[in-house]
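Fold and contact review
Letter by letter, the chains look like this.
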Amino acid sequence: MPRTTTVGIIGAGPAGLLLSHLLHRQGIDSVVLERRDRAYVERRQRAGILEQDTVDVLRASGAGARMDRQGLEHHGIELRFDRRSHRIDFPSLTGGRSVMVYAQTEVVKDLVELRLKDGGTVLFEAEALSVDGADTDRPTVRYRHEGAEETLECAYVVACDGFHGIGRRSLPEDLLTVVERTYPFSWLGILADVPPSCDELIYAHHERGFALHSMRSPQVSRLYLQVDPDDTTDNWPDERIWDELDTRFAVDGDWTLRRGPITEKGITPMRSFVAEPLRHGRLFLAGDAAHIVPPTGAKGLNLAVADVTLLAQALTRHHTQGDETAIDAYSETALRRIWRAEHFSYTMTTLLHADPAESGFDRALRLSHLRYLAGSEAASASLAENYVGFSTD
């Protein structure tokens, strides 16, 4: 006999888990299918910056207790260029809004624990194989679990299964429009067992390339370097990484980059991607299944949370009132925020990175823009508003 539920969710990342949690609080049952095991899901390193709205959603849903104990509230970021620094103060420019440093891995751990504590069904090592009947009133998900193929019957299916998942591929090709951009650089990211050298994130533009200083906790630093797309970690022994970070973060003044043991390193390509529409019949796309942003703007996780918050509200409205208005508007409403985030992420990426093919004119324009941000309260306010999270109403 097939398993049945109201909402079948593919993917136990933050989007799928949060959607399941939000639906549970409204009395709507769901089943989450995740092809990886629990240990893998809870340790994969991803984003670490939560917008104000993301923080508010987690708190309001009862998923923010550990975040409030262990997260690091940040009230600004620092821009560095020309060996000078400029701070963007979020609260003064956005009416008191800020961001929280709290790793995606920790959000996932919190949500897994909540779903299991509440008796939710999260099937790990359950690989979704196909979505069938999306244009009917009873779609199904065929999946493999514990060596056997099974079927999940649903009223709705939500694909939160990432860029490479089956969700987006289940939309008819003649319906789907995909647009993307690949950037001519990548990020070399490291985790290091050393206290951060800064109180807030540092975004550094240097003629040799971009650098970012972030953190995961008061004891663990997270840092990034712009590298060539075909580069490998074999080319970057620890000492070379620290030396290059020193060069790109250098300012005139008293500041020192702390060094420590590097525990993890990896290279991430940079791309932008949007699929439209986000719905076909009773199949919905959310999170990385629908869109990718370069990490410079810290939007990936926050967009996923915005998607499923919107979708949970729409499904609840239909469940409690029989009103499908919000469901019908989901794709258009979500895409307004997605494209705002895409633009901001593109702007931050092209502003701060050195393009290997650029001219002297391009470099001069970039520095002019950075100086404008540093000297104009209006320009700083626009950056701050986009960084902490924006309204699309």
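Structure first, text after, so check above.
Overview of the structure. (Residues numbered from 1 in each chain as written. Predicted model: local features only at pLDDT ≥ 70, side-chain atom pairs only at ≥ 80, totals over all residues. Heavy atoms only, no water.)

**Concerning the sheet that holds strand S11 (residues 140-145)**
- Taking strand neighbours across the sheet as the criterion, the 4 strands line up as S1-S12-S11-S10 in an open arrangement whose pairing is mixed. Unpaired on one side and paired on the other, strand S1 (3-4) and strand S10 (126-132) mark the two borders of the sheet.
- Of the pairings in the sheet, the one linking S1 to strand S12 (residues 148-153) comprises 2 bridges and is parallel in character. Directly across from Arg3, in S12, lies its bridge partner Leu152. (Pairing = 2+ DSSP bridges. Helix = DSSP H or I, 4+ residues; strand = E, 2+ residues; numbered from the N terminus.)

**Structural notes on the side chain of Ser272**
- Note on placement: Ser272 falls in strand S18 (residues 262-276).
- Engagement of the side chain of Ser272 in a polar contact is seen with the side chain of Tyr183, the distance being 2.8 Å.
- Setting aside residues up to four positions removed in sequence, Ser272 forms contacts with Val179, Glu180, Arg181, Tyr183, Ile292, Pro294 and Glu342. (Polar contact = N/O pair within 3.5 Å; in protein donor to acceptor, adjacent residues only side chain to side chain. Contact = heavy atoms within 4.5 Å.)

**Re unusual backbone geometry**
- For the bond running from Glu276 to Pro277, omega is 0°, close enough to zero to count as cis.
- With respect to the element layout, Pro277 can be found in the loop between S18 and strand S19 (279-280).
- Positive phi is not limited to glycine here, since Glu146 has a value of about 55°.
- Inspection of the secondary structure assignment puts Glu146 in the loop between S11 and S12.
- Under the relative-accessibility criterion, Glu146 is labelled exposed at 73%.
- Its identity as a non-glycine residue notwithstanding, Ala298 has a phi of 55°, on the positive side.
- Considering the arrangement of structural elements, one finds Ala298 in the loop between strand S21 (291-292) and helix H9 (300-321). (Buried < 20%, exposed > 50% of the residue type's maximum accessible area, 1.4 Å probe, protein only.)

**Some thoughts on the sheet that holds strand S5 (residues 72-74)**
- Spatially, the 3 strands line up as an open sheet ordered S4-S8-S5, and their pairing is antiparallel. In this open sheet, the two edge strands, each paired with only one partner strand, are strand S4 (49-50) and S5.
- Relative to strand S8 (residues 99-101), S5 runs antiparallel, the two being bridged by 3 bridges. Each residue of the ladder has a partner; that of His74, found in S8, is Val99.

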